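Here is what each chain is made of, one letter per residue.
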Amino acid sequence: MTTVQPPGVELSARGVELVLPGGAVALSGIDVPTVGPGRVLGVAGGSGAGKTLLLEVLAGLRVPRSGRVSVRAAATTGDAEQGAGEEPEQGQGQALRYGFVPQDDIVHRALPLRTALEYAARLRGTDPGDVPLVLAELGLAEAAGQPVRTLSGGQRKRASIAIELLSRPRLLFLDEPTSGLDPLAGAQLTQYLVRLAASGVTVVFTTHTPADLHHCDQVLFIAPNGRPGPSGTPDELLRLSPDGTFEALYSVEAPVPDGGSPPREEPRAPAARPRFSPATGRLRQWAVLTGRDLRLLRHDRLTAAITIGSPLIIIAMFALLFRPGVFDPDHPAPAASAMVLFWIAFGAFFFGLAYGLPQICGELPVVRRERRTVLRLWPYLLAKLTVLGPVLLLADALLLVVLRALDRLPSADLSVHASLFATTALASFAALALGLCCSALVSEPSQAALVLPLLCFPQVLFSGAFVPVPNMAAGGRWISVAMTNRWAFEALGSGADLETLWRGGGPEGRALLDSYGDSFGSPAWVGWVILAGCAVALLVVAWLVLRRRCPTSAHRLSTSDGGPVRP
Ligand SMILES: Nc1ncnc2c1ncn2[C@@H]1O[C@H](COP(=O)(O)OP(=O)(O)OP(=O)(O)O)[C@@H](O)[C@H]1O
């Protein structure tokens, strides 16, 4: 492990004004006193005053309407100034390394602590061998083997900090690190932050606990409604306080300087975000994320059991539902054969959707956190496909093999079964992409569960199986174009040559041929192309949604030198 430490960082801000998407002014005229390497800045204020928003502005996660955030690398690496509508730029040739510990303790809960940190280290391109050191520094060595969900609140908070320390930040933001901790644990954590700062890190944290402020070098109060409050050293502020306590300063607004309010910097058009360039390459991130997803499945036994068990149950139900011999060319059952193919299409759709829906919303806070510093979205999405894809292919193959073995499918040659398999595989991938897309759109797994029937219903109604497409009203025909199940059903019908089967199926077959029109007239590959196109389009939408919901920070992560920060 190298011990060379890169230069520290100096942070300050002038006249920050932040407007929320609805147009409300959340912060107005906030000045942040200069805080440099080895120093701790505490940001205090009442609930809803705007502490978190200010932290996000300072971290480059939100762009202020006016004002300047200055992030200067001490020594030689240049400095960056972020004005209204801009994001902080990086110093020449070297990124300013920062960490952001959000309010919620955000680590995959199913993984053992050490494993979660090792994956975090690999993702950040740092040495997983540093994990024991960081765990020891934070007093977590004994909990290293415990699943994160079994840790106490204080331990989880420290675990959350540990993740950021792995990337050796020189500027560390923490949003209410002591909330929910008892006074002793809170004091220990704040003392830890002071020791961390002493190693050359610039520490900025928000807090609700007045006792924390005694440990800070500088304190900034945000008055109600995001107005500027008093700031200074703890002693200066206590002298300013009417009753000598920090509590009395929570609702105090900073005096307006002589000459009235400082001139507001004029809004400018937002500049393009700086290019996000994480330390680890796409391929490496894909490999690490794939490994982590596999580990998560291994450690979350219930999810793994449901993932593997649900297709088995559905296959068993199909085997019990369909009667044998409906594809027998000598005694075909035309209506039953259409239903068998529809339910195979729907089964493939359901496998993919059910796998995709819980994937992102369950870990969105983790994605958001990692995205701030390191995560690339395509490797993230492709890792999901890599882990779930083979399970889906296996489920589809098993579905067809079991149904064929039980005489629920045509006894045709291999090319027909290869066609049926290609259709189910593509239908599953398109549904998986739909599931990932919706998972990126919702905020919680409970919402994803509500979305499931909403997505399934139209796929059944407008598939063209129960009401053939030619018999649908004009609106229904248009909707059916967007249903992957329609294309899967038609490709399966084409692959199994339903039309020929129905021609030999007496009056029932001829009636079906009339009502289904040329639904099965196109070769199966037409359906494959449409299904593959849907899968790609839905993945692109998932990527766009994630890009919007999980912004990168302007202070990008670099891991070119130095060992873990040691207080
Ligand atoms: N994305 C958002 N959209 C709309 N309003 C928001 C958004 N984020 C924050 N706010 C509002 O801005 C105000 C400041 O929020 P912020 O989270 O910064 O408060 P805080 O001081 O950190 O509060 P607490 O100490 O309770 O966490 C609150 O009124 C909050 O409701």
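Residues numbered from 1 in each chain as written. Predicted model: local features only at pLDDT ≥ 70, side-chain atom pairs only at ≥ 80, totals over all residues. Heavy atoms only, no water.

## Let's talk about the overall build of the protein chain
Point 1. If you tally the helices and strands in the protein chain, you get 19 helices and 10 strands.
Point 2. Sequence-distant contacts, at least 24 apart, represent 77% of the contacts inside the protein chain between residues at least 6 apart.
Point 3. When the accessible area of the protein chain is evaluated, it comes to approximately 23500 Å², of which 60% is carbon and sulfur surface. (Helix = DSSP H or I, 4+ residues; strand = E, 2+ residues; numbered from the N terminus. Contact = heavy atoms within 4.5 Å. Areas by Shrake-Rupley, 256 points an atom, 1.4 Å probe, with all protein chains shown as cover.)

## So, the UniProt feature "transmembrane region" (unreviewed entry) in the protein chain
Point 1. The residues that UniProt annotates with the feature "transmembrane region" (unreviewed entry) are residues 302-322, 334-357, 377-406, 418-442, 449-469 and 525-546.
Point 2. In this annotation, residues 334-357 is assigned 100% helix and 0% strand; the end-to-end C-alpha distance for the span is 34 Å.
Point 3. Note that residues 525-546 is 100% helix and 0% strand, and that its end C-alpha atoms are spaced 31 Å apart. (UniProt positions renumbered as here; feature names shortened; annotations may be inferred.)

## Brief notes about the environment of L58
Point 1. On the secondary structure map, L58 appears in helix 1 (residues 51-58).
Point 2. Separated by 123 residues in the primary sequence, L58 and L181 have C-alpha atoms spaced 25 Å apart.

## Description of the site of the ligand
Point 1. Taken together, 13 residues are adjacent to the ligand, and G48, G50, K51, T52 and H208 come closest.
Point 2. One nitrogen or oxygen atom from the side chain of K51 is found 2.8 Å from an oxygen atom belonging to the ligand.
Point 3. Take E176: an N or O atom from its side chain is 2.9 Å from an oxygen atom of the ligand.
Point 4. Bound to the protein, the ligand loses 58% of the 630 Å² it would expose on its own.
Point 5. The residue inventory of the shell around the ligand, partitioned by class, reads three nonpolar, seven polar and three charged. (Near = heavy atom within 4 Å. Polar contact = N/O pair within 3.5 Å; in protein donor to acceptor, adjacent residues only side chain to side chain. Nonpolar A, V, L, I, M, F, W, Y, C, P; charged D, E, K, R; others polar.)

## Description of the pattern of salt bridges
Point 1. Throughout the structure, instances matching the rule amount to 14 salt bridges.
Point 2. A salt bridge links R39 to D217, with the nearest nitrogen and oxygen atoms 3.4 Å apart. Separated by 178 residues along the polypeptide, R39 in the loop between strand 2 (25-35) and strand 3 (40-45) and D217 in the loop between helix 6 (210-213) and strand 9 (218-223) bring together distant segments of the chain.
Point 3. For R39, a relative accessible area of 45% translates into the label partly exposed.
Point 4. For D217, a relative accessible area of 26% corresponds to the partly exposed category.
Point 5. Ionic pairing is found between R124 and E164, a salt bridge with its closest N-O pair at 3.7 Å. Residue R124 is found in the loop between helix 2 (113-123) and helix 3 (131-137), and its partner E164 is found in helix 4 (residues 153-166); the two are separated by 40 residues along the sequence. For the pair formed by R124 and E164, the shared burial category is buried.
Point 6. Residues joined by salt bridges that share partners form a network here, namely R124, E164 and R369. (Salt bridge = Lys/Arg side-chain N within 4 Å of Asp/Glu carboxyl O. Buried < 20%, exposed > 50% of the residue type's maximum accessible area, 1.4 Å probe, protein only.)

## Describing the sheet that holds strand 8 (residues 202-207)
Point 1. Read across the open sheet, the six strands follow the order 6-7-8-3-9-10; overall the sheet is mixed. Of all strands in the sheet, those with a lone pairing partner are strand 6 (98-101) and strand 10 (227-232), marking the two edges. Here the strands of the sheet are splayed against their neighbours by 15 degrees on average, with no regard to which way each runs.
Point 2. In the packing of helix 5 (residues 183-198) onto the sheet, the strands contacted are strand 3, strand 7 (171-174) and strand 8, and the crossing angle to strand 8 comes to about 160 degrees. (Pairing = 2+ DSSP bridges. Axes fitted to C-alpha atoms, helices over the stretch in contact; angles between N-to-C directions.)

## Digging into the packing of aromatic side chains
Point 1. The full count for this structure, using the stated rule, is 18 aromatic pairs.
Point 2. Seen from their ring centres, F318 and F322 are 5.3 Å apart, and the 35 degrees between their planes marks the pair as tilted.
Point 3. Under the relative-accessibility criterion, F318 is labelled buried at 7%.
Point 4. Each ring, one from W343 and one from F346, has its centre 5.6 Å from the other, and the planes form 85 degrees; the classification is edge-to-face. Separated by three residues within a single helix, W343 and F346 lie in helix 10 (residues 334-361), roughly one turn from each other.
Point 5. Residue placement shows R486 over the ring face of W487; its charged tip is 4.3 Å from the ring centre. (Phe/Tyr/Trp six-rings, centres within 6.5 Å; stacked < 30°, edge-to-face > 60°. Lys NZ or Arg CZ within 6 Å of the ring centre and 35° of its normal.)

## Some remarks on the pairing of strand 1 (residues 9-19)
Point 1. As paired elements, strand 1 and strand 4 (residues 66-73) share seven bridges and run antiparallel to each other. Each residue of the ladder has a partner; that of V9, found in strand 4, is A73.
Point 2. Alignment of strand 1 against strand 2, held across five bridges, turns out to be antiparallel. By the bridge assignment for strand 2, V16 is matched with I30.
Point 3. Linking two consecutive strands that pair antiparallel, namely strand 1 and strand 2, is a turn of five residues; a positive phi of about 105 degrees is found at G23 within it.

## Looking at the packing of helix 12 (residues 377-405) against helix 19 (residues 524-549)
Point 1. Where helix 12 meets helix 19, the axes come as close as 10 Å, and the angle between the chain directions of the two elements is 130 degrees. The angle between the axes of helix 12 and helix 19 places the two elements in the oblique class. Note on packing geometry: the crossing formed by helix 12 with helix 19 is right-handed. Counted together, L377, W378, Y380, L381 and L385 of helix 12 and L539, V540, A542, W543, L546 and R547 of helix 19 form the full contact between these two elements. (Parallel < 35°, antiparallel > 145°, perpendicular 65-115°, else oblique. Left-handed = near helix turned anticlockwise from the far one by under 90°.)

## A closer look at the nonpolar core
Point 1. Among the nonpolar cores identified, the biggest contains 79 residues, and L341, I344, L409, F489, W502 and L546 are the most heavily contacted of them.
Point 2. No other element matches helix 10, which puts 15 residues into this core.
Point 3. Residues contacting W502, with those up to four places away along its chain left out, are P334, S337, A338, G509, R510, L512, L513, Y516 and F520. (Core = buried A, V, L, I, M, F, W, Y, C linked by side-chain atoms within 4.5 Å.)

## Some details on helix 9 (residues 301-321)
Point 1. A rise of 1.5 Å per residue sets the reference length of helix 9, with its 21 residues, at 30 Å; its end C-alpha atoms lie 30 Å apart and thus fit the reference within 8%.
Point 2. The sharpest bend along helix 9 reaches about 30 degrees and sits at G309, with the proline P311 one to four residues further on.
Point 3. Within helix 9 the residues assigned to the buried category are A304, T307, G309, P311, I314, I315, F318 and A319.
Point 4. In this structure, the buried side of helix 9 is in contact with helix 8 (282-299), helix 10 and helix 12. (Expected span 1.5 Å × (residues − 1). Bend = angle between axes of the 7 residues up to and from the residue.)

## Considerations on the environment of T126
Point 1. Note that T126 resides in the loop between helix 2 and helix 3.
Point 2. The buried category is assigned to T126, whose relative accessible area is 4%.
Point 3. In sequence terms T126 and D514 are 388 residues apart; their C-alpha atoms lie 65 Å from each other.

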